[in-house]
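# Coordinate analysis (summary)
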Amino acid sequence: MVDYHASNNQSSTGHMEQENDWDRDLLLDPAWEKQQRKTFTAWCNSHLRKSGTQIENIEEDFRDGLKLMLLLEVIAGERLPKPERGKMRVHKINNVNKALDFIASKGVKLVSIGAEEIVDGNAKMTLGMIWTIILRFAIQDISVEETSAKEGLLLWCQRKTAPYKNVNVQNFHMSWKDGLAFNALIHRHRPDLIDYDSLRKDDPVTNLNNAFEVAEKHLDIPKMLDAEDIVNTGRPDEKAIMTYVSSFYHAFSGAQKAETAANRICKVLAVNQENEQMMEDYEKLASELLEWIRRTIPWLENRTQEKTVNDMQAKQEDFRDYRCVHKPPKVQEKCQLEISFNTLQTKLRLSNRPAFMPSEGRMVSDINGAWHTLEGAEKGYEEWILSEIRRLERLEHLAEKFHQKAAIHESWTDGKEAMLTQKDYETSTLSEVKALLRKHEAFESDLAAHQDRVEQIAAIAQELNELDYYDSASVNARCQKICDQWDTLGAFTHGRKESLERTEKQLESIDELYLEYAKRAAPFNNWMEGAMEDLQDMFIVHNIEEIQGLITAHEQFKSTLAEANKEREAIQAIQAEVQKIAQSNGIKLSGANPYTTITPQSIDSKWAKAMDMVPLRDTALQGELNKQNSNDTLRAKFATQANTVGAYIQAKMEEIGRISIEMNGTLEDQLTSLKEYQKTIMSYMPEINTLEGYHQLIQEALIFDNQYTSYTMEHLRVGWEQLLTTIARTINEVENQILTRDAKGISQEQLHEYRASFNHFDKDHSGALMAEEFKACLISLGYDVENDKQKRSGQMVSEDFRALLISTGNSLGDSEFARIMSIVDPNGSGAVTFQAFIDFMSRETTDTDTADQVIASFKILAADKTFITAEELRRELPPDQAEYCIARMAPYVGADGVPGALDYMSFSTALYGESDL
């Protein structure tokens, strides 16, 4: 007998070298031979029944080679040469040789097995041949972690049965004798078929029969072993056990493929569900923020004027509450909204999904525009409040001044009309008439002195009207009454003067001293009234220079008091001289100066009052000086803190710009450093709060300017918010780089190279590249075009950029470049961020899930059908994701569909934006 195909393909049979010595002592045990006969016969029949036949006696039914050739055709899925139908021995040998040739063509080394032994019905050789076929077609392709067939099958069994008690698979003989391992394999894959906890290790026959019956009834695995044979044999046959166990492996491998396909679909659907939730969250937060801005702007644009300073200060307090309480959470929401939008776009790019386009009016740019409008309205509202407070303060001061001057004037004019209209000169002596004439001249002098006061009253009334004083009507009425009365007084004065001049020729007795007294007393009295008015005058100042100016003017006034007192004494001396002359000449005086109503007593009384007012004025001015000194201290404190905070914010803004450019180390190290840096920035918040406290004190003190600093609280607030937003954006950018790196498999060295090139061309450190900068950045990465092939040269001129994209599979026509820009700049902002730049670079070298892969996975779940049913989805997928698919899949419209069939192909393409979902 010859070695048939003894040297045919050594590399394919190394894993079966331990099985070559078939003629040694393994078949000497009759029990093993019996087990092999039954197992191998059942295994052959499990395949032959597919062709409608079977065997009864394994060494007899294969003798003519016909069923042997048929068995090989079924298990290999290939056609063998046409068999010979003759009954002669040579025909049978030829048929068996055709079968053995086919086995050898599959890389199997047949040792000591010839056609003559098979035709002669040699049981040992026939069993050896069937075992070789089983090894090649049922066991050889089993491989777990690059192990051989037998080791792979054993490792598979060990892993599947590891969690089960009383099961320890170490081989293919003794480890299976109690039947628990068979039951564990079935329960691991189909727990609904086996009640494993009810099995007992001391009842192996029941265990074995239970596994064999369940496998035959539910798994379509024929019964190849006999429980009693296994239990009663000291060491069950290894080949029989391996043959039967391999049937379990092949039965469950299909379920494993379905599980893998389902896992892929679950992964894709989970990504899609998460993205949809993030989109819904963005839309909701954007709508709420825009609605808050929409409701807030009309309040900030309301310019309803108030009547008093207190009412406007209440509005100012409401505005301060808005700035400190209501707005800061919205600033955080706006920052979080932008971060969420960037993260969502990154995840969509990483999962090969189309970019997210928010609803109309809810883009990040729309929100920034609305926010800019809000801040403009906010600035205008604050400026209006401050201007209104100044206006109302001015109005209240003017109104008080108007009423004070009006009261003085009305007091002066009281009785003047009656005086000017009396006819006393008709019955008076000549001296009395002359006295009346002089008295009238003195009155005219007094009247002229009061002209300035009337003009001041009218000017104040005009200013109140121009400043829209709320009680302008009563002011105008009083002013009109004063002006009308003044005109009447002028007319009466002129008429009386004419009457006195007509009788002047007849009246001569005039007392020169009385006249001199009247002429000097009238202006002095007017001066005292003016001084008293000035000493009582209200004043409003905003700085030390203004109050010091008032103090200087007051000191100058005080320096004139000595001279004024001399004038008073001189006037009183005239009156004393009158009394002296009258007494010495026996003149009987009427008791009053005929030329004036100003008595010496009234002069002394007004002088005393004026002197009492001087120290009161000193105290008021000194108090205001103290107040302005206090305000100046507040200005200095605010300025010191503001200059410190302003310099800090400016330094940190420049520093974060440098950090984002110069960061080294891994992305995780950069992220950790940035978060520590963010904590450092946030630790400065108490300084901001201190500055806010100074600012509140300054506003409460109505301080409107500060010469010690160029910073305003508004500028510092905006700078602080920009600093916080910038560090948050930088952290988000690194987080997105980590996502990209992990998803795309980009190395740290590549990221450093990309960052260095990007920063080099980001000249203005804005964090984004314009289109031409983007081109130059790609060129700097070292691409060149030469002979229509791309190679790294370290440099590239701008004209080669078109060749660069062509060499990587892109065309650089205008339309194609527009397409590339739409990938890296989906929102059409005209700028390319670093994250978009990384995505574009990694897109050319990494693979992602595609619509075709998802379609292939669904096809596995649908058993190769072009449609899938809801029942199949619910069986293969988790409940929530199964219902997600059912709700979104369109009905299948093909002719081969069944009721309720669903179109998984259109659903899969829609997931990647290739069609509508």
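Attention here is on the structure that accompanies the text. Small disclaimer: the values here were computed from a predicted structure and weren't measured.

We now examine the overall build of the protein chain. For the protein chain, the helix and strand inventory stands at 31 helices and six strands. By the burial criterion, 46% of the 917 residues in the protein chain qualify as buried. Of the contacts made within the protein chain by residues no fewer than 6 positions apart, 73% connect residues no fewer than 24 positions apart. For the protein chain, the computed accessible surface area is about 45,500 Å², with 50% contributed by carbon and sulfur atoms.

Soluble, globular proteins show a tendency: their nonpolar side chains are buried together. I133, W176, F182 and F248 are the most contacted members of the largest nonpolar core, which has 77 residues in total. Broken down by element, the residue count for this core peaks at 11 residues, all from helix α5 (residues 123–139). Sequence-distant contacts of F248, defined by excluding residues within four places in its chain, comprise W156, F182, L185, I186, A215, L219 and I221. Of all hydrophobic cores here, the second largest spans 46 residues; its members include L667, L671, L778 and F837.

This part is about the packing of helix α2 (residues 66–76) against helix α3 (residues 89–105). Contact pair α2 / α3: the axes reach a minimum separation of 8 Å and the direction vectors enclose 25 degrees. Between α2 and α3, the angle falls in the class roughly parallel. Two packed elements cross with a definite hand, and for α2 against α3 that hand is left-handed. In this structure, α2 contributes L66, L68, M69, L72 and A76 to the contact, and α3 contributes N95, V96, K98, A99, F102 and I103. Taken together, the residues that form the contact of α2 with α3 break down as nine nonpolar, one polar and one charged.

Following the criterion strictly, the structure yields 48 salt bridges and no others. Salt-bridge contacts for R190 lead to D192; the nearest nitrogen and oxygen are separated by 3.1 Å. A residue is classified by how much of its surface remains accessible, and R190, at 31% relative accessible area, is partly exposed. A salt bridge links D632 to R635; its shortest N-O distance comes to 3.8 Å. Here R635 and D632 lie together in helix α19 (residues 600–662), a separation of three residues that amounts to about one turn. On the basis of relative accessibility, which here comes to 1%, the residue R635 falls in the buried class. Beyond isolated ion pairs, a larger network of salt bridges with shared partners links R323, K327, E375, E378, E382, E692, E714 and R717.

Along the chain, S247 turns up in helix α10 (residues 238–301). Leave out the neighbours within four places in its chain, and S247 touches W43, I221 and M224.

This part covers unusual backbone geometry. The backbone of D220 shows a phi angle near 60 degrees, a positive value even though the residue is not glycine. Structurally, the position occupied by D220 is in the loop between α8 (204–218) and α9 (227–232). Its relative accessible area of 56% is what places D220 among the exposed residues. The phi dihedral of A863 is positive, around 60 degrees, even though this residue is not glycine.

Parameters and conventions
Residues numbered from 1 in each chain as written. Predicted model: local features only at pLDDT ≥ 70, side-chain atom pairs only at ≥ 80, totals over all residues. Heavy atoms only, no water. Helix = DSSP H or I, 4+ residues; strand = E, 2+ residues; numbered from the N terminus. Buried < 20%, exposed > 50% of the residue type's maximum accessible area, 1.4 Å probe, protein only. Contact = heavy atoms within 4.5 Å. Areas by Shrake-Rupley, 256 points an atom, 1.4 Å probe, with all protein chains shown as cover. Core = buried A, V, L, I, M, F, W, Y, C linked by side-chain atoms within 4.5 Å. Axes fitted to C-alpha atoms, helices over the stretch in contact; angles between N-to-C directions. Parallel < 35°, antiparallel > 145°, perpendicular 65-115°, else oblique. Left-handed = near helix turned anticlockwise from the far one by under 90°. Nonpolar A, V, L, I, M, F, W, Y, C, P; charged D, E, K, R; others polar. Salt bridge = Lys/Arg side-chain N within 4 Å of Asp/Glu carboxyl O.

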